[in-house]
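Fold and geometry: a report
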Amino acid sequence: MNIYAEILYFVASVLFILGIRGLTSAETARRGVIYAEIGMAAAVAGTFLHTDITTYRWILISAGIGSAIGIAMSALIPMTKMPERIALSHAFGGLAAALVGVSEYSLYMAGLNHHELSRGTMGALGFEVLFGGLTFTGSLMAFGKLQGFIPSRNITYPYQNQSNIAMFGAAVLILVALTIWPAAQPLFYLMFFVAMALGVLMVIPIGGADMPVVISLLNSYAGLAASATGFALENNVLIIAGALDGASGFILSVVMSRAMNRSFANVLFGAFGQGDGTGAAQIGASGAEVREASVGDAAMLLSSGTKVIVCPGYGMAVAQAQHAVQKMAELLEKEGVEVKYAIHPVAGRMPGHMNVLLAEANVPYDALKELEEINDEFAQADVALIVGANDVVNPAAKTNPNSPIYGMPVLNADLAKTCIVLKRSMNPGFAGIENELFTMPNTVLVFGDAKDTIEKINEALG
Amino acid sequence: MTHEMFLGLYVFVLAAFVGYGTIRGVPPLLHTPLMAFTNAISGISLVGSIVAAGAEKSTFSTTLGFIAVLCASINVVGGFLITDRMLKMFRKRGPSKSEAKK
């Protein structure tokens, strides 16, 4: 390989690691992005020196179109649609890796590569295509579910897990077979097909509330596919960048699973809420009374205390209520009420979803508190304001061993003097689990669209 | 397995540990930007797809390479831009409060 290309790849690898290091704090994060951008430019420049390249025509056209789409997407997409954007980009990443793998394989089969296809390279190519294909269709499914094309509830059928595991086993067996007989082309394409089918079938049973874990896992897979590309092409910068991506997705998956007190396996194969038919019962069914409050009551409760903790959930994203919430906090702070935000790790549809939304609405990030950081403060809070959150504030996770979410760390909203819950309707949350918080004596509910309600509260406050 | 592949394994494992150690320090506040960011970085498959699209060894491989470059460049360009767009929004409580309002 060209020595200049090697140097550029090396520089790129170092810059990627420095870039990720930048993301460990909000102050240095943007500098980190710049490092990584320079790294990527270096890697691309190094690739342009590759001796196999005979024409830049296709590369430039394609990269031009891709960049235009990338610029348009990143400029136009609203922050509330970030989970969809991320899911879609995992799909692109998976597809790119898989196609490079298929292309390489076809060249080996046509005898157009410089050397014979070794077993090791075959294994790497197979792995790349397997994970790339799975990530591609799996991410498209996740995108469809987030976007609402596909019902976001968990779709189940008999022997679902068994058939998925069998399919995965089959794909791995084909991969092993290919390393023994690399020239068996039908097997290769069969594996690609099985991987893509598996991506669809694996994400179908997973419900909307579990999306943060799924998106993180797919992130990890996309990274592994990129790494495998590096093995197949014997290119270290690909291996390193893929490994970083894989590690990131892995860590996020672990964080998300832990925040739901569940294992990977349980998220992937557990189809939440199944076999708990009674859990989906309406709240009224338990016989407990729900107390409804008017907007005026809510405004009074909020402004009469000294400390309010806002607990946002996916409902805030759906209602696009983040700007109204920020406005409310400003009005309250003018009246001497301290406002903080309690961010549960799995609130929303992807890791960090709520933070991004509130940051967009100009909420300073030092007001955004993590679960461990703020949970002891609820006892001193006058009001816990629940904006479109449900399972993450369900006290049953602490008290009811029969609850499907028992053991999951939750926000201690129930300990606040008063709990105001903004809710669209009386339907249970995604997990279909009854929420005892809503019927507690110190809880009042305000029905209606969250954004609408808060805007009315703001009028009452202002 | 060739010698290069074994070297690749060393690189992979070391990079994974570096990644694990570093990324564990990323605060939950920045988890969404982290995802967009690593996504842009994994657009490094651009490197592989560029060669596939530019080598013109067969129509099939050039076509696949073309699509792969398209996908990867969407991720690289879009990923970095959107990460930066998100990071720009994160601000500390400070005097800029009034000017932050549009």
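Rules used in this analysis
Residues numbered from 1 in each chain as written. Chains lettered and ligands numbered in written order. Predicted model: local features only at pLDDT ≥ 70, side-chain atom pairs only at ≥ 80, totals over all residues. Helix = DSSP H or I, 4+ residues; strand = E, 2+ residues; numbered from the N terminus. Buried ≥ 20, exposed ≤ 12 C-beta atoms within 10 Å, placed from the backbone. Contact = placed C-beta atoms within 7 Å. Nonpolar A, V, L, I, M, F, W, Y, C, P; charged D, E, K, R; others polar. pLDDT = per-residue confidence, 0-100. Pairing = 2+ DSSP bridges. Axes fitted to C-alpha atoms, helices over the stretch in contact; angles between N-to-C directions. Expected span 1.5 Å × (residues − 1). Core = buried A, V, L, I, M, F, W, Y, C linked by C-beta atoms within 7 Å.

1. Overview of the environment of B:Asn75
Here B:Asn75 is to be found in helix H4 (residues 59-89). Taking the C-beta count within 10 Å as the criterion, B:Asn75 has 29 such neighbours and is therefore assigned buried. Spatially, the C-alpha atoms of B:Asn75 and B:Ser61 are 21 Å apart, while their sequence positions differ by 14 residues. Leave out the neighbours within four places in its chain, and B:Asn75 touches A:Ser89, A:Phe92, A:Gly93, B:Asn39, B:Ala40 and B:Gly43.

2. Overview of helix H14 (residues 353-360) of chain A
Residues and elements named next belong to chain A. Within H14, 8 of the 8 residues are buried, which leaves it mostly tucked inside the rest of the structure. Taken residue by residue, H14 has His353, Met354, Asn355, Val356, Leu357, Leu358, Ala359 and Glu360 as its buried positions. Asn362, located one to two residues past H14, shows a positive phi value of around 70 degrees.

3. What to know about the interface of chain B and chain A
Contact with chain B, which involves 81 residues of that partner, is made by 96 residues of chain A. Looking at the side of chain B that touches chain A, the elements that each hand over two or more residues are helix H1 (3-23), helix H2 (31-41), helix H3 (45-54) and H4 of chain B. It is H4(B) that contributes the most residues to the side of chain B that touches chain A, 28 residues altogether. Within the side of chain B that touches chain A, the residues separate by chemical class into 48 nonpolar, 24 polar and 9 charged.

4. Brief notes about the confidence of the model for chain A
In the predicted model, chain A carries a mean pLDDT of 89, and the fraction of residues at 70 or more is 94%. Below pLDDT 50 for its whole length, residues 272-285 of chain A participates in 28 contacts with residues either more than four positions away or in separate chains.

5. Let's talk about the environment of A:Gly46
All names here are of chain A. With respect to the helices and strands, the residue Gly46 is situated in helix H2 (residues 29-48). A sequence separation of 37 residues divides Gly46 from Tyr9, and the C-alpha atoms of the two residues are 6.4 Å apart. Ignoring sequence-local partners within four residues, the contact set of Gly46 consists of Ala5, Leu8 and Tyr9.

6. Observations concerning the sheet that holds strand E3 (residues 368-370) of chain A
Residue and element names in this part refer to chain A. Strands sit in the order E3-E2-E1-E4-E5-E6 across an open sheet of 6 strands; the sheet is parallel. Looking along the sheet, the strands with just one partner apiece sit at the ends: E3 and strand E6 (443-447). With strand direction ignored, the average angle separating the axes of adjacent strands in the sheet is 25 degrees. Taken together, the 5 bridges between strand E4 (residues 383-387) and strand E5 (residues 418-423) define a ladder with parallel strand orientation. If you follow Leu385 over to E5, its bridge partner there is Ile420. Together, strand E1 (307-312), strand E2 (338-343) and E3 form the strand contacts of H14, whose direction differs from that of E2 by roughly 145 degrees.

7. Regarding the pairing of E1(A)
All names here are of chain A. Of all 6 residues that make up E1, 5 are buried, and the element is covered over most of its length. Sheet analysis places E1 next to E2, joined by 4 bridges and oriented parallel. Note on E2: the bridge partner recorded for Val310 is Tyr341. Relative to E4, E1 runs parallel, the two being bridged by 5 bridges. Directly across from Val310, in E4, lies its bridge partner Leu385.

8. Here's the deal with H4(B)
For H4(B), spanning 31 residues, the distance from its first C-alpha to its last is 45 Å, which sits close to the expected 45 Å at 1.5 Å a residue. Within H4(B), 23 of the 31 residues are buried, which leaves the element mostly enclosed by the surrounding structure.

9. Topic: the environment of A:Gly169
Residue and element names in this part refer to chain A. Along the chain, the position of Gly169 falls in helix H6 (residues 160-180). What makes Gly169 exposed here is the crowd of 10 C-beta atoms within 10 Å. Separated by 199 residues in sequence, Gly169 and Leu368 have C-alpha atoms that sit 44 Å apart.

10. A word on the nonpolar core
Membership of the largest hydrophobic core comes to 198 residues, with the highest contact counts inside it found for A:Cys311, A:Ala384, A:Ile386, A:Val387 and A:Ile420. Ignoring any residue separated from it by four or fewer positions in sequence, one finds A:Val387 in contact with A:Val310, A:Cys311, A:Pro312, A:Gly313, A:Gly315, A:Met316, A:Ala321, A:Val325, A:Leu422 and A:Ala450.

11. Section: unusual backbone geometry
Residues and elements named next belong to chain A. For Tyr159, which is not glycine, the phi torsion reads 60 degrees and is therefore positive. Mapped onto the elements of the fold, Tyr159 is located in the loop between helix H5 (119-147) and H6. Notably, Asn261 is not glycine yet its phi reads approximately 55 degrees, a positive angle. Owing to 14 C-beta atoms within 10 Å, Asn261 belongs among the partly exposed residues under this scheme.

12. Quick look at the pairing of E4(A)
In terms of burial, E4(A) is a largely internal element, 5 of the 5 residues being buried. Of the two faces of E4(A), the one holding A:Val383, A:Leu385 and A:Val387 and the one holding A:Ala384 and A:Ile386 are both buried throughout.

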